[in-house]
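# Structural overview
If you want the building blocks of each chain, they are given just below.
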Amino acid sequence: TIIKIDTLYPSSHSVSRGALNSSFSSRIMIGKYQSYESWGMLRFSLPDTLVNASITDAKITFRVGYHFGDSLATLSFFAYRALKTWLGDSLTLDSLNQGGYYDPTPVSSQFSAVVGDTDDVQFSIDTAMVRVWFANIPDSTQVNNGVMLEPTNTNVIKGFRSFSNLNAGEVRPKLTVQYVKNGVPGSVSINTGFSR
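Small disclaimer: the values here were computed from a predicted structure and weren't measured.

Here the focus is the environment of serine 38. Along the chain, the position of serine 38 falls in strand β2 (residues 36–38). Taking the relative accessible area as the measure of exposure, serine 38 reaches 18% and is therefore buried. Considered as a pair, serine 38 and isoleucine 28 are ten residues apart in the sequence and their alpha carbons are 8.9 Å apart. Non-local contacts of serine 38, meaning those with residues more than four positions away in its chain, are made with Met29, Ile30, Gly31, Pro151 and Ile157.

Listed below in structure tokens is the structure:
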């Protein structure tokens, strides 16, 4: 038997960072822990029945289902009106830091609380923004691109249930809107949409 041995030496090596596609994930991650930072993004799928309705109150509710870091640490974040579509896989934290994806004026008060791993988190959002979402006016400044959620805390990242079919309807993100249309008050809850 003749054995031949060849030695090969590498002349180059490269590594590239891949973007994680979280569009179909069962969780929306929001928070900061050590060197990790995660923003949440969501857009509700709205019915067109409330065009020109007067929006009197709007709240978003999340159900917690996971944590990374200190489970007893405070979670805090602001919500901002998204200005660009973000449903593709190219959006990263670096993209957000370059600007232009969201209006820098918050559309909510800062949420800040210690939340357990099965708690609901609810916060109010700007009713004028929600009215524009329902109006769906074909103007680049008046479309429903959803909201961006920027973490302002340290020590924990919380995982909220997403719109994924892996989650039951009652634990998905929910937009609850109080409105008046044609002089008649009403309420609608929406738990379908997209998240990242």
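Applying the stated criterion to the full structure yields ten aromatic pairs. A ring pair is formed by phenylalanine 77 and phenylalanine 111, whose centres lie 5.1 Å apart and whose planes are at 25°; its orientation type is stacked. Taken as a pair, phenylalanine 77 in strand β5 (residues 75–82) and phenylalanine 111 in strand β7 (residues 111–113) lie far apart in primary sequence, 34 residues in all. The two residues phenylalanine 77 and phenylalanine 111 agree in class, both being buried. Judged by centre distance (5.2 Å) and plane angle (80°), the ring pair of phenylalanine 77 and phenylalanine 123 falls under edge-to-face.

Below, the discussion takes up unusual backbone geometry. Of note, asparagine 155 is a non-glycine position whose phi angle comes to about 80°, a positive value. Along the polypeptide, asparagine 155 turns up in the loop between β9 (147–151) and β10 (156–161). Taking relative accessible area as the criterion, asparagine 155 reaches 42% and is therefore assigned partly exposed. Positive phi, normally seen in glycine, also occurs at asparagine 182, with a value near 55°. Note that asparagine 182 resides in the loop between β11 (174–181) and β12 (184–190).

Let us now look at helix α2 (residues 127–135). Along α2, the positions that sit buried rather than exposed are Met129, Val130, Trp133, Phe134 and Ala135. Against β4 (54–69), β5, β9, β11 and β12 lie the buried residues of α2.

With that settled, the discussion passes to the pairing of β4. As judged from the seven bridges shared by β4 and β11, these two strands associate in the antiparallel manner. For alanine 58, the partnering residue across the bridge sits in β11 and is valine 177. Where β4 and β10 come together, five bridges link them in antiparallel fashion. From the neighbouring strand, histidine 67 faces β10, where its bridge partner is lysine 158.

Tracing the chain through its elements places serine 54 in strand β4. Among residues more than four places away in sequence, those in contact with serine 54 are Gln178, Tyr179 and Val180.

Calculation notes
- Residues numbered from 1 in each chain as written.
- Predicted model: local features only at pLDDT ≥ 70, side-chain atom pairs only at ≥ 80, totals over all residues.
- Heavy atoms only, no water.
- Helix = DSSP H or I, 4+ residues; strand = E, 2+ residues; numbered from the N terminus.
- Buried < 20%, exposed > 50% of the residue type's maximum accessible area, 1.4 Å probe, protein only.
- Contact = heavy atoms within 4.5 Å.
- Phe/Tyr/Trp six-rings, centres within 6.5 Å; stacked < 30°, edge-to-face > 60°.
- Pairing = 2+ DSSP bridges.

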